[in-house]
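Examination of the molecular architecture
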Amino acid sequence: MLEARYKKDMNSNYLILGCEEKATYELNMICNNKIKGLLDCRRYLFNGQTELHYNITSKQPLSRVYLKKELTAEDVRKILLSIRLLMDELKKYLLSFECILFDAEYCYCNPETKQSEWIFYPQRKSESSMGKLAEFLIDRVDHGERTAVDMVYHFYKLVRNEMVTKAELDKLIEEYESDKTYEPLKCQKHDFGYEQDMQLAVQYKEADCGNDTLKSNTVWEKVKELIHTKVRIFSKEKTNKWGKRIETVNSLNWETYGLEEYENYKGETVVMGVQSIKATRRLRSLSKSDAEYISLQKLPCILGKMEECSDIVLWDQSISRMHARIFEENGELYLQDLNSTNGSYINNLELESNEIVKLKIGDEITFGNLRYIYE
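Residues numbered from 1 in each chain as written. Predicted model: local features only at pLDDT ≥ 70, side-chain atom pairs only at ≥ 80, totals over all residues. Heavy atoms only, no water.

With that out of the way, let us pick up the overall build of the protein chain. Broken down by element type, the protein chain carries eight helices and 20 strands. A buried classification covers 45% of the 375 residues belonging to the protein chain. Here the analysis covers contacts within the protein chain between residues at least 6 apart in sequence; of these, 58% occur between residues at least 24 apart. Summed over all atoms, the accessible surface of the protein chain reaches about 21,400 Å², with 49% contributed by carbon and sulfur. (Helix = DSSP H or I, 4+ residues; strand = E, 2+ residues; numbered from the N terminus. Buried < 20%, exposed > 50% of the residue type's maximum accessible area, 1.4 Å probe, protein only. Contact = heavy atoms within 4.5 Å. Areas by Shrake-Rupley, 256 points an atom, 1.4 Å probe, with all protein chains shown as cover.)

Have a look at this one:
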């Protein structure tokens, strides 16, 4: 298993892999040329050992970009096109295709353009396999999108039969580029409105008043089930432009929509016990331009300025698209920098790229120009 470490140098971030070979044709080619489809690489000697430094600035691994979202047909097509590009580029420089690390952990892409760049590692020839990549695509593909599923399983068959060739990839890509059925099988949010659904529900309920027949009850239950299903499908947690969480409905609250059922909440309010009140974990902002608090009740979460890939959006020019991650392990909270351009700091100490540090109550955390206190 590869042991990678990370380094931040000025405004650049690097993934570092050790290498036993010091000077070979392949190393000279990848270190002295800008090869399309490959991460820029530089060779250094450290304590007598050769190290390969791959520039991952402003890029994120596929495994992180698609951690919480699914691959569409267009996403799959771009990944396959990047592999197809590699075949041509490596041939120009007489480099072995088997030295590419086809692993979602080591394929880096721009979160916005989804342009993938791969790692060329000379010592990986005997272990090279696309199996991990194929399994990742199967696991993360949007199974509601027929074209995406077809592309991924076609690619998986090519990998399994060791038939990933230029001709086969060309055939696969051309076939699905000519297929215009990229529409998901499931409904889109704009195809219906909650307001219309709720009006329909109210009409059925009014018609159902005083009528306990099996037929009317069945209709009402079906309407409820329909609305619940739609809410579950499209319920996501979002944030507004100040970095504050916006939570859409996860389960339908009938009272909120004027559809109170069977229960009438009256009487005195019951005082909660002290033990029943959970401590609120949050970041308190020290920056006037930012939201006052950021809740950390739902973890893990990614902080950044790109809404598509972030759970908490921080609107500031100093923030990277995917800036940092906060997660919980064994009851403790940890902060990880995600190759951010302007860095993440704890108590004025800068984290290395991808470094993980445990948080303590009272820690001052800085993302770019934004400062917070963990409490």
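We are not done yet, so read on.
This paragraph deals with the pattern of salt bridges. Counting across every chain of the model gives 19 salt bridges. For the salt bridge of Lys68 with Asp311, the shortest nitrogen-to-oxygen distance reads 2.7 Å. Highlighted residues: Lys68 in the loop between helix 2 (62-65) and helix 3 (73-92) and Asp311 in the loop between strand 12 (301-304) and strand 13 (312-313), separated in sequence by 243 residues. Asp311 sits in the buried class, given a relative accessible area of 14%. The salt bridge partner of Arg321 is Glu112, with a shortest N-O separation of 3.2 Å. (Salt bridge = Lys/Arg side-chain N within 4 Å of Asp/Glu carboxyl O.)

Our focus in this paragraph is the sheet that holds strand 13. Pairing is mixed in the open sheet, where five strands are placed in the order 13-12-14-15-18. Every other strand in the sheet has two partners, leaving strand 13 and strand 18 (356-358) as the edge strands with one partner each. Examined bridge by bridge, strand 14 (residues 324-329) and strand 15 (residues 332-337) share six bridges and lie antiparallel to one another. In the sheet register, Arg325 faces strand 15, and the bridge partner there is Gln336. (Pairing = 2+ DSSP bridges.)

As for its position among the elements, Ser320 is in the loop between strand 13 and strand 14. Looking at Ser320, its side chain comes within polar contact range of the main-chain nitrogen of Thr341, at 2.9 Å. In contact with Ser320, not counting residues within four places along its chain, are Gly304, Lys305, Ser340 and Thr341. (Polar contact = N/O pair within 3.5 Å; in protein donor to acceptor, adjacent residues only side chain to side chain.)

A word on the packing of helix 5 (residues 146-160) against helix 6 (residues 166-177). Where helix 5 contacts helix 6, the axes come no closer than 11 Å and their chain directions differ by 170 degrees. Viewed along their axes, helix 5 and helix 6 adopt a mutual orientation that is roughly antiparallel. Two secondary-structure elements touch here, helix 5 through Thr147, Asp150, Met151, His154, Phe155 and Leu158 and helix 6 through Glu168, Leu169, Leu172, Glu175 and Tyr176. Residue composition of the contact of helix 5 with helix 6, grouped by class: six nonpolar, two polar and three charged. (Axes fitted to C-alpha atoms, helices over the stretch in contact; angles between N-to-C directions. Parallel < 35°, antiparallel > 145°, perpendicular 65-115°, else oblique. Nonpolar A, V, L, I, M, F, W, Y, C, P; charged D, E, K, R; others polar.)

We now examine the nonpolar core. Note on soluble globular proteins: their nonpolar side chains tend to be buried together. With 65 residues, the main nonpolar core has Ile30, Leu38, Tyr54, Ile83, Trp118, Ile119 and Phe155 as its most contacted residues. If you tally residues by element for this core, the top one is helix 3, at eight residues. Residues contacting Leu38, with those up to four places away along its chain left out, are Ile30, Leu86, Leu90, Ile100, Glu117, Trp118 and Phe120. Core analysis: the second largest hydrophobic core is formed by 20 residues, Cys301, Leu303, Ala324 and Tyr374 among them. (Core = buried A, V, L, I, M, F, W, Y, C linked by side-chain atoms within 4.5 Å.)

Here we take up the sheet that holds strand 2 (residues 12-19). The sheet built from four strands is open, its strands ordered 1-2-4-3 with antiparallel pairing. This sheet does not close on itself; its edge strands, each paired only once, are strand 1 (5-9) and strand 3 (41-46). Geometrically, the sheet is characterised by an average inter-axis angle of 35 degrees between neighbouring strands, direction not taken into account. Bridge analysis of strand 3 against strand 4 (residues 49-55) gives six bridges, and the strand direction is antiparallel. Across the sheet, residue Phe46 finds its bridge partner in strand 4, namely Gln49. In the packing of helix 1 (residues 25-32) onto the sheet, the strands contacted are strand 2, strand 3 and strand 4, and the crossing angle to strand 3 comes to about 120 degrees.

Buried within helix 1 are the following residues: Glu26, Leu27, Met29, Ile30 and Cys31. The inward-facing, buried residues of helix 1 contact strand 2, strand 3 and strand 4.

Looking now at the packing of aromatic side chains. One pair of aromatic rings is described through two measures. These are the centre distance and the angle between the planes. In this structure the tally under the stated criterion is four aromatic pairs. The rings of Phe97, Phe102 and Trp118 are connected pair by pair, giving a single aromatic cluster. The ring of Phe46 carries Arg5 above its face, with NZ or CZ at 5.8 Å from the centroid. The residue whose ring lies beneath Arg282 is Tyr293, and the NZ or CZ to ring-centre distance is 3.7 Å. (Phe/Tyr/Trp six-rings, centres within 6.5 Å; stacked < 30°, edge-to-face > 60°. Lys NZ or Arg CZ within 6 Å of the ring centre and 35° of its normal.)

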